[in-house]
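An overview of the molecular structure
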Amino acid sequence: MARVRMTGKERRQQLLDIGRKLFAEKGFDGTSIEEVAHRAGVSKPVVYEHFGGKEGLYAVVVDREMQVLLDGMVSALSVADHPRELLERAASSLLDYIEDSTDGFRILVRDSPVAASTGTFSSLLNDIASQVEDILGQQFSSRGYDAKLAALYAQALVGMVALTGQWWLEARKPKKDDVVAHLVNLCWNGLSHLDHKPKRRVRS
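Residues numbered from 1 in each chain as written. Predicted model: local features only at pLDDT ≥ 70, side-chain atom pairs only at ≥ 80, totals over all residues. Heavy atoms only, no water.

Some words on the confidence of the model for the chain
When pLDDT is low, close inspection of the predicted coordinates is not appropriate. Residues with a pLDDT of 70 or more make up 93% of the chain, whose mean pLDDT is 87. Per-element confidence in the chain is highest for helix 2 (residues 33–40), whose mean pLDDT is 97, and lowest for helix 7 (residues 120–142), whose mean pLDDT is 84. (pLDDT = per-residue confidence, 0-100. Helix = DSSP H or I, 4+ residues; strand = E, 2+ residues; numbered from the N terminus.)

What follows is the structure, given as structure tokens:
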């Protein structure tokens, strides 16, 4: 049976889908252009023609995943009127992405884990934290707290949700809505009882 000829756009999307799957399974180093070409049923030059090499393919895959996750988070944060709703929407948005785009999240955290100070996922978390910081800053000012500390709390909250999400990627228990509820419970009950000027109780 004759093979159906793809348009350039269709072929590019096919190669992106295959690359995404392989990068999620094997990471960047474990993935080869040969395997991408083999799974697509094309020669290696076809892959090079579209992306210039493995680095180019990986960059496009990562950029697309980052944009999907960032768009979802920004959209979730933009419609939250109350700070507790903000926390719930942020946590829910990340877990929705993990559930719907598991391969994409594996790619983002495999070579750039949450705890890293540099890398694609770290830069993405910083973008999200800056959005949270703006909202927290307004809340801090209206409640008599030092607005300069909003950046610290934004990093702490986003980091906690991201680390929990990375754990949930493999565990998948408890259910997503329960994870969101517990995250918000910890965050909100902590934020709602903040000391204005906390001090360490135990000195090292």
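Alright, that's what it looks like, and here's the rest.
Observations concerning unusual backbone geometry
Looking along the chain, the bond that leaves K173 and enters P174 is cis, with omega of -5°. In this fold, P174 is placed in the loop between helix 8 (150–171) and helix 9 (176–191). Phi at R172 takes a positive value of approximately 55°, unusual for a residue other than glycine. Looking at the secondary structure, you find R172 in the loop between helix 8 and helix 9. A residue is classified by how much of its surface remains accessible, and R172, at 31% relative accessible area, is partly exposed. (Buried < 20%, exposed > 50% of the residue type's maximum accessible area, 1.4 Å probe, protein only.)

Focus on the nonpolar core
Core analysis: the biggest nonpolar cluster contains 60 residues, and L69, L94, F105, L108, F121 and L124 have the highest contact counts within it. Broken down by element, the residue count for this core peaks at nine residues, all from helix 4 (residues 54–78). Ignoring sequence-local partners within four residues, the contact set of L94 consists of L69, M73, F105, V161 and A162. (Core = buried A, V, L, I, M, F, W, Y, C linked by side-chain atoms within 4.5 Å. Contact = heavy atoms within 4.5 Å.)

Considering the packing of aromatic side chains
Counted according to the given criterion, the structure contains seven aromatic pairs. Taking 5.3 Å as the distance between ring centres and 70° as the angle between the ring planes, the aromatic pair formed by F140 and Y153 counts as edge-to-face. Of this pair, F140 sits in helix 7 while Y153 sits in helix 8, and the two are 13 residues apart along the sequence. Here the aromatic cluster, defined as three or more aromatic residues joined through ring pairs, consists of F23, F28 and Y58. (Phe/Tyr/Trp six-rings, centres within 6.5 Å; stacked < 30°, edge-to-face > 60°.)

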